[in-house]
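Understanding the architecture of this molecule
Each chain, letter by letter, is given below.
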Amino acid sequence: MTNPEQIVVPEHILDRDCTTLSRHVLQQLQSFGPEAQDLSAIMNRIALAGKLISRRLSRAGLMVGVLGFTGEENVQGESVKKMDVYANEVFISVFKQSGLVCRLASEEMEKPYYIPENCPIGRYTLLYDPIDGSANVDINLNVGSIFAIRQQEGDDLDGEAKDLLTNGRKQIAAGYILYGPSTMLIYSLGHGVHSFILDPSLGEFILSEENIKIPGHGPVYSTNEGNFWQWYEAIRDYTRYVHRHDGYTARYSGALVGDIHRILMQGGVFLYPGTVKKPEGKLRLLYETAPLAFLVEQAGGRATTGTEEILDVIPSKLHQRTPLVIGSTEDVKLVESFIQDRIRRDNSTMNNC
Ligand code: F6P
């Protein structure tokens, strides 16, 4: 029989298993002060939302009335799925009566959602996309939630949330939850990027990797090439370049979080450029591209619209869209070089006219 005194669990394994998200936030901030406690509690609530959404997704195909469309359109004119509505409400309900967050702004709501009872103490705003890539939901492929936390500036007495119309460097924290074979939460508080995996037996997100660094270059380019003839010539030039050179491979799932996760872990570039008809692109700044840019920059990568850093873009409205070129620094710079080249050529043609 084994003598219990002989069982030795290596300390590093036990320590890792005990590193929950809320503990990690406090370690990151190196503080137990009220602000650190608030941020830790906010991250804990986001994790709770992730667990609830993950649970529902894992059984969605067995339940009645969970998959498919509601028949409504959201503020962006996109058809709303039942899971979009559910996930949006999950985020609202986990923050109600939390004393943590005064406003929530999401892809699914035209205006921010105010929680007045939280406002006297909870001076934070949560921006989020509750289910990103929801086209994948009905066929049991990966989807994600994206989030950012900002401090509320001013009293917002007119309820217009104008203080949210500032650049992405104002984000205090950002991250995403990936609902894949396992559920992962990736976040940054501006001190590196860290990943957690939901351990279903514990019901906790447990630290899996700290200080993730994106490779300087990777083989993957990830974009919807079905838009090739709608793109500007510069993006077509780049695409022709990767077609004609060895060492590149295309990967695209149609769900941003999964595609970005691949790039974050293995390097490469994700592009959702503007088109001639829609120069602003498809993805929304405040709760899609800015949080992802914050993460990727923290991991040592780069995120631009093609001509401007995403984190410098100041939106003029809540649901503003931006083109996105994001990933390994070398690969993003390659795309930018094709854009600059076209700008130079267009300028010299105009000067010669
Ligand atoms: O933002 C919505 C979204 O579903 C992203 O998750 C994804 O990257 C993109 O749109 C896919 O768009 P498309 O179907 O045009 O390639």
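Residues numbered from 1 in each chain as written. Predicted model: local features only at pLDDT ≥ 70, side-chain atom pairs only at ≥ 80, totals over all residues. Heavy atoms only, no water.

Labelled according to an unreviewed UniProt entry, the protein appears under the name Fructose-1,6-bisphosphatase class 1, originating from Gomphosphaeria aponina SAG 52.96 = DSM 107014. Per UniProt, the protein carries the Sequence similarities (unreviewed entry) text "Belongs to the FBPase class 1 family." According to the UniProt record, the Subcellular location (unreviewed entry) comment for the protein reads "Cytoplasm". (UniProt positions renumbered as here; feature names shortened; annotations may be inferred.)

1. Overview of the overall build of the protein
Scanning the protein from N- to C-terminus turns up eight helices and 17 strands. Whereas a compact globule of 353 residues would reach a radius of gyration of roughly 20 Å, the protein reaches 21 Å, a difference of no more than 12%. Overall size of the protein, expressed as C-alpha extent along the three principal axes, is 85 × 60 × 45 Å. The 353 residues of the protein split such that 52% are buried. Working note: accessible area of the protein is about 16,600 Å², and carbon and sulfur atoms make up 51% of it. Positive and negative side-chain charges of the protein, numbering 34 and 44 respectively, have mean locations separated by a distance of 4 Å. (Helix = DSSP H or I, 4+ residues; strand = E, 2+ residues; numbered from the N terminus. Rg over C-alpha atoms; globule rule 2.2 N^0.38 Å. Buried < 20%, exposed > 50% of the residue type's maximum accessible area, 1.4 Å probe, protein only. Areas by Shrake-Rupley, 256 points an atom, 1.4 Å probe, with all protein chains shown as cover. Lys, Arg positive; Asp, Glu negative; His and termini not counted. Charge placed at Lys NZ, Arg CZ, Asp CG, Glu CD.)

2. Quick look at the UniProt feature "binding site: substrate" (unreviewed entry) in the protein
Within the UniProt annotation, "binding site: substrate" (unreviewed entry) is assigned to Asn-224, Tyr-252 and Lys-282. Residue Tyr-252 is classed as partly exposed on the basis of its relative accessible area of 33%. Residue contacts for Tyr-252: discarding those within four places in its chain leaves Ser-222, Thr-223, Asn-224, Asp-259, Phe-270 and Tyr-272. Take Lys-282: it is sitting in the loop between strand E13 (269-272) and strand E14 (283-284). Setting aside anything within four residues of it in sequence, one finds Lys-282 in contact with Glu-78, Tyr-272 and Arg-321. (Contact = heavy atoms within 4.5 Å.)

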